[in-house]
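Tertiary structure, described
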Amino acid sequence: MAIREILTDEQPVLRKTSHPVTNFDSRLHDLLDDMKETLAQANGVGLAAPQIGILRRAVIVMNDDGEMMELINPEIILQEGEQEGFEGCLSVPGRWGVVKRPMHVKVRAQDRNGAFFEAEGEGLLARCFCHETEHLDGHLFVEHADKLYTTEELDEMMAQEEEEESWG
Ligand code: ZN
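Summarised in this report is the structure supplied together with it. All residue numbers refer to position in the chain's written sequence, counted from 1. A pLDDT threshold of at least 70 governs which residues receive local features in this predicted model, and a stricter bar of 80 or more applies before side-chain atom pairs are shown or counted, although totals over entire chains, interfaces and linings include all residues. As a rule here, side-chain values cover all heavy atoms of the structure and leave hydrogens and water aside.

1. Focus: the side chain of His135
Numbering of helices and strands runs from the N terminus; a helix is a DSSP stretch of H or I covering at least four residues, while a strand is a stretch of E covering at least two. Summarising the element assignment, His135 is placed in helix H2 (residues 124-135). We classify His135 as buried; its relative accessible area is 0%. If sequence neighbours within four positions are ignored, His135 has contacts with Lys16, Ala48, Pro50, Gln51, Cys89 and Leu140. Buried means the residue's accessible area, taken with a 1.4 Å probe over protein chains only, is under 20% of the maximum for its type, while exposed means over 50%, and partly exposed covers the values in between. Residue contacts follow a heavy-atom distance rule, with two residues in contact if any of their heavy atoms lie within 4.5 Å.

2. Looking at the side chain of Glu70
Inspection of the secondary structure puts Glu70 in strand E3 (residues 68-80). The buried category is assigned to Glu70, whose relative accessible area is 13%. Polar contacts, as used here, are pairs of N or O atoms within 3.5 Å; protein pairs need one atom able to donate a hydrogen and one able to accept it. Residues neighboring in sequence count only if both atoms are side-chain atoms. Among the polar contacts listed, one links the side chain of Glu70 to the side chain of Lys36, at a separation of 2.7 Å. A polar side-chain atom of Glu70 sits 2.7 Å from a polar atom in the side chain of Arg112.

3. Quick look at the pairing of strand E2 (residues 58-62)
Summarising burial for E2: four of the five residues are buried, a large majority. As judged from the three bridges shared by strand E1 (residues 46-48) and E2, these two strands associate in the antiparallel manner. Residue pairing for E2: Ala48 is matched across the bridge by Val59. Pairing geometry for E2 and E3, over five bridges, is antiparallel. Paired with Ile60 across the two strands is Glu70, which belongs to E3. Only strands joined by at least two bridges in the DSSP assignment are considered to pair. Here E2 hands over to E3 after five residues, with Gly66 in that stretch at a positive phi of 75°.

Here's what the structure looks like:
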């Protein structure tokens, strides 16, 4: 296993469409293992193969139990409700935006051996399914955000929100 370099948004590869995975072989397994190691080291909640320069439809998403899920050729088959909240991306370091996403999402994907499965997510996990799947079509969250904030601005807003909450 190896930690790969996470590409940032000026790299054209992030705007390209990834190809479906057709070989569920040791090369794919190596890629998935590297993606998981890279994600763990970056302390993120999701990573898509194009973010490390590989145009293949494979993503890693952290589930509600903090376990990493592997989704190959993921497709969103159901989306319900709506949520609005801050979103960031390992390929857009230090920038945050408010993005609307469905509250509930169901995906169909394949595992590392090619077996199909379905997974459902609410809240953050639903957001993550959308964000990572979108990477495979060359889209980044910044396209949905009206304005980008720095980490300092985000921290300030979060602190203010907490203060307001504690005042009831
Ligand atoms: Zn991202």
